[in-house]
Amino acid sequence: MKAKVLLIYTGGTIGMINDPKTGALSAFDFRYLLDQIPELNRMNADISVVSFDKPLDSSEILPADWKKMAETVISNYELYDGFVILHGSDTMAYSASALSFMLQGITKPVIFTGSQLPIGTIRTDGKENLITAVEIAAAKNPDGSAVIQEAAIYFEYSLYRGNRTSKVSANHFEAFKSPNYPELAVAGVQISYQNNQPKPEKELHFFTDLDNHVALLKIFPGINFELYKNLFNYPEVKGIVIETFGSGNGPSNSQLSRYLIDFIGKGGVVINITQCLSGNVEQGKYEASNIFKKAGVLGGADLTAEAAITKLMYAIARFDNSKQVSAFMQKNICGEMSV
Ligand code: ASP
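Being a predicted model, the structure only gives us computed values, none of them experimental.

**Student:** Just checking my understanding: could you explain the overall build of the protein chain for this structure?
**Tutor:** Along the backbone of the protein chain there are eight helices and 18 strands. Radius of gyration (C-alpha) of the protein chain: 21 Å, near the 20 Å computed for a compact globule of 339 residues. Overall, the C-alpha framework of the protein chain stretches about 65 × 55 × 35 Å when taken along its three principal axes. Split into buried and exposed, the 339 residues of the protein chain put 53% on the buried side. Pairs at least 24 residues apart make up 73% of the contacts formed inside the protein chain by residues separated by at least 6 positions. Just so you have it, the protein chain exposes about 15500 Å², and 50% of that area is on carbon and sulfur atoms.

**Student:** Looking at this structure, I do not really get the sheet that holds strand S12 (residues 185–187). What am I missing?
**Tutor:** Either a parallel or an antiparallel arrangement is found when strands of a sheet pair, and the pairing is made through backbone hydrogen bonds. The strand order S4-S1-S5-S7-S8-S9-S12-S13 describes an open sheet built from eight strands, whose pairing is mixed. For this open sheet the edge positions go to strand S4 (45–56) and strand S13 (191–193), each flanked by a neighbour on one side alone. Averaged over all pairs of adjacent strands, the angle between their axes in this sheet comes to 20°, without regard to strand direction. Bridging between strand S1 (residues 3–11) and strand S5 (residues 82–86) involves five bridges; their strand directions are parallel. In the sheet register, Leu7 faces S5, and the bridge partner there is Val84.

The rules behind the values
Residues numbered from 1 in each chain as written. Predicted model: local features only at pLDDT ≥ 70, side-chain atom pairs only at ≥ 80, totals over all residues. Heavy atoms only, no water. Helix = DSSP H or I, 4+ residues; strand = E, 2+ residues; numbered from the N terminus. Rg over C-alpha atoms; globule rule 2.2 N^0.38 Å. Buried < 20%, exposed > 50% of the residue type's maximum accessible area, 1.4 Å probe, protein only. Contact = heavy atoms within 4.5 Å. Areas by Shrake-Rupley, 256 points an atom, 1.4 Å probe, with all protein chains shown as cover. Pairing = 2+ DSSP bridges. Axes fitted to C-alpha atoms, helices over the stretch in contact; angles between N-to-C directions.

Put into structure tokens, the structure is as follows:
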């Protein structure tokens, strides 16, 4: 029996062509994309396609689009063995993270892929990415269960856990990295699936609302906190991801300390993640992180910025009070953090 795979086309470079007037790349019709890859008809999978009415450059993606992607998966969950989401690479790590929280406990693959060069160009990376992503979405264990049972990103011969991934290169084919978690699979002559730590055991739980009253503050030496006064304006802002130095350190600035204490005192949630590409936050390791610990800032361990932001949007939408949001933020929900 051929596996049934649903291809969800949202846009991205893979399906773009040059606008003859401006010379810029813009998203194009999905039929054009399919015409470029006749190999899809020869695969050992039954492929159906749905497309966003207006394909998007992924810079335009909003939480409403994540909801649309997740709901397309949910409404077709029983009908298909796996899902491939064609998406621009720029914000793919955010979308894959968001869907990992929205689709908790799935036992089927949701594989994001795209490309750095449009499918119509001779050296495109899009063909290999799409064909292998479909193969992964169709892959089954001998007992019939899916090999991959989560939201993941396939790009340039590697399959990554979606909520562990960041885009690291604007022009290399190897555009993604998962610095704090090993690849789920590597594609060579064969696709070699790794024996990863499983995600936490979970019941299937779909929840697709997000609240975007969240902010991201990246600190730097000499930062003028006066300029960020409005950022700590609860309840306009309900949650803040703060990107700190090294293992969660920052300047011992009294204004920042006051802002944090007031914001958290009123019910805001602040989570500390590192600016480093790899490694984790450990508040209390250095004196320089005590400003956060004392104010009640949560340690974000090794969360990527993409996972931290989408997890916070999800938690604020789902829970009524900051205690529940904080408890959720510190738990490993779907393999996004090592705790
Ligand atoms: N700007 C494009 C997008 O994210 C880049 C890509 O697809 O790789 O939609």
